[in-house]
Amino acid sequence: MKTLGEELEKFKSKKDISRDLLNSYSEALTNPFFKELVSNINKNSDELMKYTSLLEESACEYEKCSTCKNLLECKNKITGHIFTPVIIDNNLEFTYSPCKFQQKYNKEYKYLNNVTFFEVSNELKNANMKDIFTDDASRLEAIEWLMNFLKKYPKVEKGLYLHGSFGTGKTYLIAALFNELAKKGIKSSIIYWPEFLRDLKASFNTDFKERFEYIKKAPLLLIDDIGAENTTDWGRDEVLGPLLQHRMQMNLITFFTSNFDIELLEGHFSVSKDKISVVKAKRIIERISYITETRKIIGKNRRK
Ligand code: ADP
Ligand code: MG
């Protein structure tokens, strides 16, 4: 059994603790950001003072936000986020919530979730229809086609086979169109064909089926740089052929970019290893021709 002295000691230390809590809470309240923060929390001060140091951390982040001009200036622990108190099931908890700049950014770039990029460069995510107009006249036919497509969508029947030399902006133009449509909620995929085929082959024992199904069903698909892959029987007859067949039957719009015009592409598909397969190549070309219109793009190499 504890002595009266021990009991009193315990009582005293409890009192000490609550006095310390109160002291640090009162001191924290002299900071206007802290004061403002706790005034918005639906809890009494007895409860709040248990969380003084966490609340101070949060108030400190709000203070930094009060003079911040944009995301690049952010000085908080997690860029674009504020350590924030929230009430969950009547308990005070803390979470990182996006600041006003982060929220604006998330809203503006939300459309990017609508375009799936496979193995293509990140700069395509910024490709923008508006930037295209400032460019040279040699690409006008292709641009006109794309503008018309944008205007008519979804009342469109064919995609585009866009060919021309390396670096003329073929991929960029179609990515810009897809980004524009993404802003209207339309989903699309861009696959860099040579790499996609390699990956698909490597995924044979894992998620091959999911990948293949995904591009078979994408509402809008760009097969980027067709003709730059090595022709194999497998790629041509097991992947590309069925893919085009499916998209053709389902009326799904497919775009292509290539350095080859359609005749050269036919030649490309005719030879795999040492085998000549004129008929198989012809069948691929027939499908591409059936589901697309063709434009050529000329101009300088824009790659830096
Ligand atoms: P291609 O697919 O014809 O080989 P790209 O689309 O990759 O060419 O374009 C080549 C480079 O030029 C890329 O770095 C791309 O971002 C840039 N580019 C092309 N068109 C534009 C444009 N209208 N505005 C800004 N950059 C562009
Ligand atoms: Mg390209």
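Everything below is about the structure shown above.
Criteria and thresholds
- Residues numbered from 1 in each chain as written.
- Chains lettered and ligands numbered in written order.
- Predicted model: local features only at pLDDT ≥ 70, side-chain atom pairs only at ≥ 80, totals over all residues.
- Heavy atoms only, no water.
- Salt bridge = Lys/Arg side-chain N within 4 Å of Asp/Glu carboxyl O.
- Helix = DSSP H or I, 4+ residues; strand = E, 2+ residues; numbered from the N terminus.
- Buried < 20%, exposed > 50% of the residue type's maximum accessible area, 1.4 Å probe, protein only.
- Pairing = 2+ DSSP bridges.
- 1 Å grid on protein atoms, 1.4 Å probe; cavity = no way out; pocket = protein on both sides within 12 Å on 5 of 7 lines; lining within 4 Å.
- Points joined across faces, edges and corners; volume = space filled by probe spheres on them.
- Nonpolar A, V, L, I, M, F, W, Y, C, P; charged D, E, K, R; others polar.
- Axes fitted to C-alpha atoms, helices over the stretch in contact; angles between N-to-C directions.
- Parallel < 35°, antiparallel > 145°, perpendicular 65-115°, else oblique.
- Contact = heavy atoms within 4.5 Å.
- Expected span 1.5 Å × (residues − 1).
- Disulfide = S-S within 2.5 Å.
- Phe/Tyr/Trp six-rings, centres within 6.5 Å; stacked < 30°, edge-to-face > 60°.
- Lys NZ or Arg CZ within 6 Å of the ring centre and 35° of its normal.

Peer 1: So, the pattern of salt bridges: which residues are in play, and what are the values?
Peer 2: In this structure the tally under the stated criterion is 13 salt bridges. A salt bridge links aspartate 237 to lysine 280, with the nearest nitrogen and oxygen atoms 3.8 Å apart. In this pair, aspartate 237 sits in helix H11 (residues 233-249) while lysine 280 sits in helix H13 (residues 278-291), placing the two residues 43 residues apart along the sequence. Overlapping salt bridges bring together Asp233, Arg236, Asp237, Lys275 and Lys280 as one network.

Peer 1: Mind laying out the pairing of strand S5 (residues 188-192), listing which residues take part and the relevant values?
Peer 2: The element S5 is extensively covered by neighbouring structure, given that four of its five residues are classed as buried. Bridge count for strand S3 (residues 115-118) against S5 is four bridges, and the pairing is parallel. Across the sheet, the residue bridging to threonine 116 is serine 189, located in S5.

Peer 1: Before we move on, could you go through empty space enclosed by the protein and cite the residues and values that matter?
Peer 2: Under the counting rule described, the total for this entry stands at one cavity of 30 Å³ or more. The volume enclosed by the largest cavity comes to roughly 40 Å³. Surrounding the largest cavity, Trp193, Leu197, Glu229, Asn230, Thr231, Thr232, Gly235, Arg236, Leu240 and Phe269 form its lining. Elements represented by at least two residues in the lining of the largest cavity include exactly helix H9 (193-202) and H11. In terms of residue count, H11 provides more of the lining of the largest cavity than any other element does, three residues in total. Of the residues assigned to the lining of the largest cavity, the class counts are four nonpolar, four polar and two charged.

Peer 1: Talk me through the packing of H9 against H11; I want residue IDs and the actual numbers.
Peer 2: In the contact formed by H9 and H11, the axes pass within 12 Å of each other and the chain directions differ by 105°. Judged on the interaxial angle alone, H11 and H9 are roughly perpendicular. Across from Trp193, Leu197, Leu200 and Lys201 in H9, the residues of H11 making contact are Trp234, Gly235, Val239, Leu240 and Leu243. Among the residues forming the contact of H9 with H11, the class breakdown is seven nonpolar, one polar and one charged.

Peer 1: Quick one: what's the story with the sheet that holds S5, residue by residue and with numbers?
Peer 2: Two strands in a sheet stick together by hydrogen bonds in their backbones, pointing the same way (parallel) or opposite ways (antiparallel). Reading across the sheet, the six strands line up as S3-S5-S6-S7-S4-S10 and stay open at both edges, with parallel pairing between neighbours. Each of the sheet's edge strands pairs with one partner strand only, and the pair in question is S3 and strand S10 (292-297). Neighbour to neighbour, the strand axes of the sheet diverge by 15° on average, direction disregarded. Across six bridges, the pairing between strand S4 (residues 159-164) and S10 is parallel. The residue of S10 that forms the bridge with glycine 159 is threonine 292. Running at roughly 90° to S10, H13 makes contact with S4, strand S7 (253-258) and S10 of the sheet.

Peer 1: Help me get a handle on helix H4 (residues 52-66), residues and values and all.
Peer 2: With 15 residues, H4 ought to run about 21 Å at 1.5 Å a step, and its terminal C-alpha atoms sit 21 Å apart, in line with that. Where H4 is concerned, the buried positions are Thr52, Leu55, Ser58, Ala59 and Glu61.

Peer 1: Tell me about the side chain of serine 58, residues and numbers included.
Peer 2: Topologically, serine 58 is positioned in helix H4. Once residues within four sequence positions are removed from consideration, serine 58 is found in contact with Leu37, Phe83, Thr84 and Pro85.

Peer 1: Give a detailed account of the state of the cysteines, specifying residues and quantitative values.
Peer 2: In total, this model carries zero disulfides according to the counting rule given. Here cysteine 60 is not cross-linked by a disulfide; its sulfur's nearest cysteine counterpart is in cysteine 65, at 9.9 Å. Overall, cysteine 60 belongs to the partly exposed group, its relative accessible area being 35%. Just so you know, cysteine 65 is unpaired, no disulfide at all, and the nearest cysteine sulfur is the one on cysteine 99, 5.8 Å from it.

Peer 1: Tell me about the environment of leucine 221, and name the residues and values.
Peer 2: Relative to the helices and strands, leucine 221 resides in strand S6 (residues 220-224). Separated by 19 residues in the primary sequence, leucine 221 and leucine 240 have C-alpha atoms spaced 13 Å apart. Not counting chain neighbours up to four residues away, the residues in contact with leucine 221 comprise Phe178, Ser189, Ile191, Ile215, Leu243, Arg247, Ile253, Thr254 and Phe255.

Peer 1: Outline the packing of aromatic side chains, supporting the account with residue identities and numerical values.
Peer 2: Ring pairs (aromatic) are described by centroid distance and by the angle formed between their planes. Counted according to the given criterion, the structure contains 14 aromatic pairs. Consider the rings of phenylalanine 83 and phenylalanine 94, whose centres lie 5.1 Å apart with planes at 15°: the pair is stacked. Linking phenylalanine 83 in strand S1 (residues 81-88) with phenylalanine 94 in strand S2 (residues 91-98), this pair joins segments that are 11 residues apart in sequence. Judged by relative accessible area, which is 8%, phenylalanine 83 ranks as buried. Aromatic rings pair up to connect Trp145, Phe149, Tyr153, Phe178 and Phe255 into one cluster. In this arrangement the basic side chain of lysine 158 is found over the ring face of tyrosine 290, its NZ or CZ atom lying 5.6 Å from the centre. Over the face of the ring belonging to phenylalanine 212 we find lysine 216, whose NZ or CZ atom lies 5.3 Å from the ring centre.

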